[in-house]
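# Residue-level structure breakdown
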Amino acid sequence: MDVKRPKPIIVRRAPGRPTEARVQLAHGVRRAALGRGGIKALKREGDGGTPTGPLPVRRIFYRADRLVRPRTAFPLRAIGPRDGWCDDPSDRNYNRHVCIPYGQSTESMMRDDALYDIVLVLGHNDRPRARGRGSAIFSHLARPGYTPTEGCIAFTLRDLRAVLSELRPGGRFLVMP
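Below is a summary of the structure that appears in this document.

Parameters at a glance
Along each chain, the written sequence defines residue order, and numbers are assigned to residues from 1. The predicted origin of the model limits local features to residues at a pLDDT of at least 70 and limits the giving and counting of side-chain atom pairs to 80 or more, whereas totals for whole chains, interfaces and linings rest on all residues. Each side-chain value is worked out from all heavy atoms of the structure, with water and hydrogens disregarded. Here, strands pair whenever DSSP counts at least two bridges between them. By definition, any uninterrupted DSSP run of H or I lasting at least four residues is a helix, any uninterrupted run of E lasting at least two residues is a strand, and each is numbered from the N terminus. Comment: axis = line fitted to C-alpha atoms, over the contacting stretch for helices; angle = value between 0 and 180 degrees taken between N-to-C directions. Summary of the burial criterion: residues with accessible area below 20% of their type's maximum are buried, those above 50% are exposed, and those between are partly exposed, where the area comes from a 1.4 Å probe applied to protein chains only. The convention is simple: Lys and Arg are positive, Asp and Glu are negative, and His and the chain ends are not counted. Salt bridges are counted wherever a side-chain nitrogen of Lys or Arg sits within 4 Å of a carboxyl oxygen of Asp or Glu. Polar contact is the term for a pair of N or O atoms within 3.5 Å; when the atoms are in protein, one must be able to donate a hydrogen and the other to accept it, and sequence-neighboring residues count only if both atoms are side-chain atoms. When checking whether two residues touch, look at their non-hydrogen atoms; a contact exists if any pair is within 4.5 Å. As used here, the term nonpolar core means buried Ala, Val, Leu, Ile, Met, Phe, Trp, Tyr and Cys residues forming a set that is joined through side-chain atoms within 4.5 Å. Cavity and pocket criteria rest on a 1 Å grid covering protein atoms alone: a 1.4 Å probe that fits but cannot get out defines a cavity, protein on both sides within 12 Å along at least 5 of 7 lines defines an open pocket, and an atom within 4 Å of a point defines a lining residue. Grid points are joined across faces, edges and corners, and a volume is the space filled by probe spheres set on the points. Residues are grouped as follows: nonpolar covers Ala, Val, Leu, Ile, Met, Phe, Trp, Tyr, Cys and Pro; charged covers Asp, Glu, Lys and Arg; every other residue, Gly included, is treated as polar.

## Section: the sheet that holds strand S9 (residues 97-99)
The strand order across the open sheet built from three strands is S9-S8-S10, with neighbouring strands paired in antiparallel fashion. Looking along the sheet, the strands with just one partner apiece sit at the ends: S9 and strand S10 (106-108). On average, each strand axis in the sheet is tilted by 45 degrees relative to the strand beside it, whichever way the strands run. When strand S8 (residues 83-86) meets S10, the two strands line up antiparallel, connected through three bridges. Counterpart to Trp-85 in the pairing with S10 is Glu-107.

So this is what it looks like as structure tokens:
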């Protein structure tokens, strides 16, 4: 039996706007924010770049205290107060989900703003991990005006829900150079 791999969600830089993307979904093109460093072929920790290439969806988190459970074929995990992400290249858990409090350089997943109300953990520098090659590459909610991210791909809530409804297990983003 031939197993069909899901089509990737294509992410292209918006013409004349290095920190914005146009994202091709089955039913139209959506706007998204990219990293402040634009799209980068050689991603480094702290450069603000969105990495090129395939970015498989590894996990999905959401804020159950703020949103109705999103519809998706992926398993979901509610974000709690101890959920964090390690972005310290010298730590053994670099670019991994951790329980906080933890270490010196850990980002809380339970933010005061709405950016992480839905978080898709994208497979960048995770299998295997290399120190300094970038961490915490997610797809999440955009700030008003689609201001740049630290390297993530950010959508409005409506558009991120459209992405979730289209994704299937094995699904991925494909960021074009």
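Picking up after the structure, the text goes on.
## Description of the side chain of Asp-91
With respect to the secondary-structure elements, Asp-91 resides in the loop between S8 and S9. For the buried residue Asp-91, which engages in no salt bridge, the nearest side chain bearing the opposite charge is Arg-92, 5.6 Å off. Among the polar contacts made by the side chain of Asp-91, one reaches the side chain of Tyr-102 at a distance of 2.6 Å. Not counting chain neighbours up to four residues away, the residues in contact with Asp-91 comprise Cys-86 and Tyr-102.

## Some thoughts on the nonpolar core
Counting 28 residues, the largest nonpolar core has Leu-120, Ile-153, Val-163 and Phe-173 as its most contacted members. For this core, the elements supplying multiple residues, two or more each, are strand S1 (9-14), strand S2 (17-25), strand S6 (53-62), strand S11 (118-122), strand S13 (153-155), helix H1 (157-166) and strand S14 (172-175). Among the nonpolar cores identified, the runner-up in size contains 11 residues, and Phe-61, Ile-79, Leu-115 and Tyr-116 belong to it.

## Focus on the layout of surface pockets
There is about 290 Å³ of room inside the largest pocket. Surrounding the largest pocket, 19 residues form its lining, Glu-107, Tyr-116, Ala-136, Glu-150 and Cys-152 being those nearest its centre. Residue classes in the lining of the largest pocket are distributed as five nonpolar, six polar and eight charged.

## Some thoughts on the pairing of strand S3 (residues 28-33)
Pairing geometry for S2 and S3, over six bridges, is antiparallel. In the strand pairing of S3, Val-23 is matched with Arg-30. Hairpin geometry of S2 and S3 is characterised by an intervening segment of two residues between the two adjacent antiparallel strands.

## Brief notes about the pattern of salt bridges
For the coordinates displayed, the defined rule picks out 12 salt bridges. Residues Glu-20 and Arg-22 are paired through a salt bridge, measuring 3.3 Å at the closest nitrogen-oxygen approach. Among the ionic pairs, Asp-83 bridges to Arg-77, the shortest N-O distance being 2.7 Å. The class for Asp-83 is buried, based on a relative accessible area of 4%. Connected via shared salt-bridge partners are Arg-17, Glu-20, Arg-22 and Arg-31.

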